[in-house]
Amino acid sequence: MKYVIVKDKKIKKINKDERLEFNGYFFHPQKNKKNLLRVKKIIIISPNMTEAIIKKKLVIQINSLLAILKTLEEDDTGSSDIIQESLIKCERLKIMIVNKYLKYLGKEFSNLTLKKLQIIANQLQNKLYNNFEKEYIFASIEEFDKNTKRGR
């Protein structure tokens, strides 16, 4: 069953209708608390509210990527696994913006967000490349040391 909450000037009522179809941004709430109404799906029809929710969600995810990037900058011995996971997360976020959120966000904000994510992805790729380069240099030095110690 689907319910619509309608707010009149004086009366607040809930209309029940089986044939309701809404076009809007939907999401599923994370957790239901005890003794409360269980909600499986929330559909937001208002474009302003949809845009505000998506912007807040994107800013939180970008800030988490920036925090990871900051810790990688401070710690030179960053694991390549962490860098790869962050790079995958960044690429997924870019794809999600293009496929899912582009119709809800304005062109200006979406372009700006995609540019930010591209800069973050470039930094992560540079870190990953430098990390692999260091590992290759250390491996070749160790191999050289093994080969030179085998003498007469």
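Rules used throughout
Residues numbered from 1 in each chain as written. Predicted model: local features only at pLDDT ≥ 70, side-chain atom pairs only at ≥ 80, totals over all residues. Heavy atoms only, no water. Helix = DSSP H or I, 4+ residues; strand = E, 2+ residues; numbered from the N terminus. Contact = heavy atoms within 4.5 Å. Areas by Shrake-Rupley, 256 points an atom, 1.4 Å probe, with all protein chains shown as cover. Salt bridge = Lys/Arg side-chain N within 4 Å of Asp/Glu carboxyl O. Buried < 20%, exposed > 50% of the residue type's maximum accessible area, 1.4 Å probe, protein only. pLDDT = per-residue confidence, 0-100. 1 Å grid on protein atoms, 1.4 Å probe; cavity = no way out; pocket = protein on both sides within 12 Å on 5 of 7 lines; lining within 4 Å. Points joined across faces, edges and corners; volume = space filled by probe spheres on them. Nonpolar A, V, L, I, M, F, W, Y, C, P; charged D, E, K, R; others polar. Expected span 1.5 Å × (residues − 1). Axes fitted to C-alpha atoms, helices over the stretch in contact; angles between N-to-C directions. Parallel < 35°, antiparallel > 145°, perpendicular 65-115°, else oblique. Left-handed = near helix turned anticlockwise from the far one by under 90°.

Caption draft 1: Up close: the overall build of the chain. When helices and strands are tallied, the chain shows 3 helices and 4 strands. Helices and strands appear in the chain in the N-to-C order β-β-β-β-α-α-α. Pairs at least 24 residues apart make up 54% of the contacts formed inside the chain by residues separated by at least 6 positions. Summed over all atoms, the accessible surface of the chain reaches about 12,800 Å², with 55% contributed by carbon and sulfur.

Caption draft 2: Structural detail: the pattern of salt bridges. On inspection of all chains with the given rule, the structure shows 2 salt bridges. Residue Lys55 is joined to Glu51 by a salt bridge in which the shortest nitrogen-to-oxygen separation is 3.2 Å. Here Lys55 and its partner Glu51 are both found in helix H1 (residues 47-74), 4 residues apart, which amounts to about one turn of the helix. The class of Glu51 is partly exposed, set by a relative accessible area of 23%. Glu91 is paired through a salt bridge with Lys94; the nearest N and O atoms lie 3.5 Å apart. One end of the pair, Glu91, and the other, Lys94, are both in helix H2 (residues 80-101), 3 residues apart, so they sit about a helical turn from each other.

Caption draft 3: Inspection of the confidence of the model for the chain at higher detail. For the chain, per-residue confidence averages 80 on the pLDDT scale, and 70% of positions sit at 70 or higher. Of all secondary-structure elements in the chain, the lowest mean pLDDT belongs to strand S2 (residues 12-17), at 55, while H2 reaches the highest, 92.

Caption draft 4: Here's a closer look at the layout of surface pockets. Within this model, the second largest pocket holds a volume of roughly 230 Å³. What lines the second largest pocket is Tyr25, Phe27, His28, Gln30, Ile53 and Lys57. At the level of secondary structure, the elements contributing two or more residues to the lining of the second largest pocket comprise strand S3 (25-27) and H1. Counted by class, the lining of the second largest pocket contains 3 nonpolar, 2 polar and 1 charged residues.

Caption draft 5: H1, seen in detail. Given a rise of 1.5 Å per residue, 28 residues ought to cover 40 Å, and the 40 Å separating the end C-alpha atoms of H1 matches this to within 8%. The set of residues buried in H1 consists of Thr50, Ile54, Leu58, Ile62, Leu65, Leu69 and Leu72.

Caption draft 6: Looking closely at the packing of H1 against H2. Where H1 contacts H2, the two axes come as close as 11 Å, and the packing angle between them is 160°. Considered as vectors, H1 and H2 are oriented roughly antiparallel to each other. In the crossing of H1 with H2, the sense of the turn from one axis to the other is left-handed. Within the contact between the two elements, H1 uses Ile54, Lys57, Leu58, Gln61, Ile62, Ser64, Leu65, Ile68 and Leu72 and H2 uses Ile82, Ile83, Ser86, Lys89, Cys90, Leu93, Met96, Ile97 and Tyr101. Broken down by class, the residue content of the contact of H1 with H2 amounts to 13 nonpolar, 3 polar and 2 charged.

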